[in-house]
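The lines below spell out each chain.
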Amino acid sequence: MKLSIFVVSLALFVGNVFAQLTPTTPAPLPQPVLTTVPAPRPATMPALTPASSPEAVVRANFEAFNRQDIDALVATVAEDFIWYNIENDKMSIEASGRESLRKGVQDYFKALPTARSVAETMTASGPYVSVRERASWTTRTGEKKSQVAITVYEVRNGLIKRVWYYPPTI
């Protein structure tokens with residue numbers, strides 16, 4: 001009898017020790033909050049502040065582009081702004097700083113005065129806004145053209161800090 005009580009006690013003790021050593025299933029990690037924002041934009045945007053949502057900042061940038069308001073467009077980016085163009089395995093810097101962006105956009109509008117861009121989809125995750133955008137323009141010969149690209153914007157303190165532009169590749 002004493003031996004069976006000892007064996008049962010030992011089994012319970014060993015079971016408790018193993019239960020403490022057996023890893024438990026960890027709590028699931030919190031999932032990032034993704035917000036899908038519809039593409040249509042209101043006719044006017046409120047003034048941007050450091051508290052402005054990343055989506056509002058990107059929308060203001062699109063609106064300024066479509067009005068060809070270079071001052072307003074440049075006002076949506078940070079002083080140390082960088083625009084990366086990524087094609088296949090090659091990454092280049094299209095603009096570095098506000099004045100570089102200003103010059104690039106002036107040249108772009110001179111070459112394509114009818115250029116417009118529409119955010120077909122916009123998804124935000126923290127300071128990052130991913131946009132599927134359609135640019136359209138009319139060539140000098142009157143031919144209507146368009147292309148779709150993916151662009152990721154990083155917004156910090158109410159200003160666009162970085163852009164990663166993925167143009168269509170063939």
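Please refer to the structure higher up on the page.
All figures in this text were calculated on a predicted structure; none of them were measured in a lab.

Visitor: Can you tell me about the packing of aromatic side chains, naming the residues and giving the values?
Guide: For the structure shown, the criterion picks out seven aromatic pairs. Seen from their ring centres, tyrosine 84 and tryptophan 164 are 6.0 Å apart, and the 10° between their planes marks the pair as stacked. Taken together, the positions of tyrosine 84 in strand S2 (residues 77–87) and tryptophan 164 in strand S7 (residues 159–166) put the pair 80 residues apart, joining distant regions of the chain. Per residue, the accessibility class of tyrosine 84 equals that of tryptophan 164, and both read buried. Ring-pair connections join several aromatic residues into one group, and the members of that group are Phe65, Tyr108 and Phe109.

Visitor: Kindly report on unusual backbone geometry, identifying the contributing residues and their values.
Guide: Keep in mind that most residues, glycine aside, have a negative phi and that most peptide bonds are trans. Residues other than glycine seldom take positive phi values, yet glutamine 68 does so here, at roughly 55°. With respect to the secondary-structure elements, glutamine 68 resides in the loop between helix H2 (54–67) and helix H3 (70–75). Look at asparagine 88: it is not a glycine, yet its phi comes out positive at around 55°. Within the fold, asparagine 88 resides in the loop between S2 and strand S3 (90–96).

Visitor: Outline the nonpolar core, supporting the account with residue identities and numerical values.
Guide: Formed by 26 residues in total, the largest nonpolar core has its most connected members in Val58, Phe81, Leu101, Val129, Val131, Tyr153 and Ile160. For this core, the secondary structure elements donating two or more residues are H2, H3, S2, helix H4 (98–111), strand S4 (116–125), strand S5 (128–138), strand S6 (144–156) and S7. A total of five residues in this core trace back to one element, the largest contributor, which is H2. The residues touching phenylalanine 81, leaving out its near neighbours within four places in the chain, are Ala95, Ser96, Gly97, Leu101, Ile160, Lys161 and Val163.

Visitor: Describe in detail the pairing of S7, supporting the description with residues and values.
Guide: For S2 and S7, the ladder comprises five bridges, and the chain directions are parallel. Looking at the pairing, tryptophan 83 lines up with valine 163 of S7. As paired elements, S6 and S7 share seven bridges and run antiparallel to each other. Note that in S7 the partner of isoleucine 150 across the bridge is tyrosine 166.

Visitor: Hey, could you go over the layout of surface pockets for me, with residue numbers and the actual values?
Guide: In this structure, the largest pocket spans a volume of roughly 650 Å³. Counting residues per element, the ones that place at least two in the lining of the largest pocket are H2, S2, S3, H4, S5, S6 and S7. A per-element tally of the lining of the largest pocket places S2 first, with five residues.

Calculation notes
Residues numbered from 1 in each chain as written. Predicted model: local features only at pLDDT ≥ 70, side-chain atom pairs only at ≥ 80, totals over all residues. Heavy atoms only, no water. Phe/Tyr/Trp six-rings, centres within 6.5 Å; stacked < 30°, edge-to-face > 60°. Helix = DSSP H or I, 4+ residues; strand = E, 2+ residues; numbered from the N terminus. Buried < 20%, exposed > 50% of the residue type's maximum accessible area, 1.4 Å probe, protein only. Core = buried A, V, L, I, M, F, W, Y, C linked by side-chain atoms within 4.5 Å. Contact = heavy atoms within 4.5 Å. Pairing = 2+ DSSP bridges. 1 Å grid on protein atoms, 1.4 Å probe; cavity = no way out; pocket = protein on both sides within 12 Å on 5 of 7 lines; lining within 4 Å. Points joined across faces, edges and corners; volume = space filled by probe spheres on them.

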